[in-house]
Amino acid sequence: MNINEKLSTLKYNKDKDSHLSVDNNICRKCIKKVCTYICPANVYEWNDNSSSLIIRYENCLECGACKIACEKNNIQWRYPSAGCGVKFKNG
Ligand code: SF4
Ligand code: SF4
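Residues numbered from 1 in each chain as written. Chains lettered and ligands numbered in written order. Predicted model: local features only at pLDDT ≥ 70, side-chain atom pairs only at ≥ 80, totals over all residues. Heavy atoms only, no water.

S.K.: Can you tell me about the overall build of the protein, naming the residues and giving the values?
M.R.: Secondary structure assignment for the protein yields 4 helices and 6 strands. For the protein, whose C-alpha radius of gyration is 14 Å, the value lies close to the compact-globule estimate of 12 Å for 91 residues. Structurally, the protein occupies a C-alpha span of about 45 × 30 × 25 Å along its principal axes. Counting every position in the protein, which comprises 91 residues, the buried fraction comes to 32%. Taking contacts inside the protein between residues at least 6 apart in sequence as the whole, the part at least 24 apart equals 62%. Total accessible area computed for the protein in this model is approximately 6200 Å², and 50% of it derives from carbon and sulfur atoms. Taken together, the 14 basic and 9 acidic charged side chains of the protein have centroids lying 3 Å from each other. (Helix = DSSP H or I, 4+ residues; strand = E, 2+ residues; numbered from the N terminus. Rg over C-alpha atoms; globule rule 2.2 N^0.38 Å. Buried < 20%, exposed > 50% of the residue type's maximum accessible area, 1.4 Å probe, protein only. Contact = heavy atoms within 4.5 Å. Areas by Shrake-Rupley, 256 points an atom, 1.4 Å probe, with all protein chains shown as cover. Lys, Arg positive; Asp, Glu negative; His and termini not counted. Charge placed at Lys NZ, Arg CZ, Asp CG, Glu CD.)

In C-alpha cells, the structure reads:
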C-alpha cells in the first residue's frame, strides 16, 4: 500500500479554525521552505502570486514534523479542537 492509499483510509473532521499558522513575513525570507516537502500530507504549498503559504490544515496528520523541521521556528502548532482533526481508526 503506498502513502496515498494509506492516507485515503483516514477520516478527518475539519475544525472551523486552523490549528497551524505562520508569519508569512518570515516565510518570505526562508530559502529552503522545508515545510513544503517534509509534510507527508502536503499541507503546505508556497504561492508565488500571494507570496504566502497555503496551509491545508484539514489534511494534517498531527505528526508534528513541520514544527520541528522549520528552521525559523515559525510554525505555531496546537492540536485541533476536541473531536476535530484526523481519526486513525474507524469507530
Ligand atoms: S519552513 Fe518555516 S519559515 Fe520556511 S516557509 Fe515553511 S513555515 Fe515558513
Ligand atoms: S503536523 Fe505533520 S501532517 Fe500536520 S502539517 Fe505538520 S508535517 Fe504535515
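S.K.: I'd like to hear about unusual backbone geometry, residue by residue, with values.
M.R.: Phi at Ser51 takes a positive value of approximately 50°, unusual for a residue other than glycine. Classification of Ser51 as partly exposed rests on a relative accessible area of 25%. The phi angle at Glu62 is positive, at roughly 60°, despite the residue not being glycine. Mapped onto the fold, Glu62 is located in the loop between strand 4 (52-55) and helix 4 (65-69).

S.K.: I'd like a rundown of the packing of aromatic side chains, residues and numbers included.
M.R.: A full pass over the atoms with the stated rule returns 1 aromatic pair. Their ring planes at 80° and their centres at 4.9 Å tell us that Trp77 and Tyr79 sit as a pair that is edge-to-face. Of the residues examined, Tyr79 reaches a relative accessible area of 56% and is grouped as exposed. Its guanidinium or amino end placed over the ring of Trp46, Lys33 lies 4.4 Å from that ring's centre, counting from NZ or CZ. (Phe/Tyr/Trp six-rings, centres within 6.5 Å; stacked < 30°, edge-to-face > 60°. Lys NZ or Arg CZ within 6 Å of the ring centre and 35° of its normal.)

S.K.: Quick rundown of the site of ligand 2? Include the residues and the values.
M.R.: By nearness alone, 13 residues border ligand 2, and Cys39, Cys60, Cys63, Gly64 and Cys66 come closest of all. Along the lines of polarity and charge, the residues of the shell around ligand 2 split into 11 nonpolar, 1 polar and 1 charged. (Near = heavy atom within 4 Å. Nonpolar A, V, L, I, M, F, W, Y, C, P; charged D, E, K, R; others polar.)

S.K.: Any chance you could break down the side chain of Lys33 for me, citing the residues and the numbers?
M.R.: Considering the arrangement of structural elements, one finds Lys33 in the loop between helix 2 (24-28) and helix 3 (35-38). Buried charge without a salt bridge: Lys33, with Asp48 as the nearest opposite-charge side chain at an N-O distance of 7.2 Å. A distance of 2.5 Å separates a polar atom in the side chain of Lys33 from the backbone oxygen of Cys30. In this structure Lys33 touches Cys27, Arg28 and Trp46, once residues within four positions along its chain are discounted. (Salt bridge = Lys/Arg side-chain N within 4 Å of Asp/Glu carboxyl O. Polar contact = N/O pair within 3.5 Å; in protein donor to acceptor, adjacent residues only side chain to side chain.)

S.K.: Tell me about the site of ligand 1, and please be specific about residues and values.
M.R.: Lining the immediate environment of ligand 1, one finds Val22, Cys27, Cys30, Lys33, Val34, Cys35, Leu53, Cys70, Lys72, Asn74 and Ile75. Counted by class, the shell around ligand 1 contains 8 nonpolar, 1 polar and 2 charged residues.

In short, shape yes, function no, at least from these values alone.
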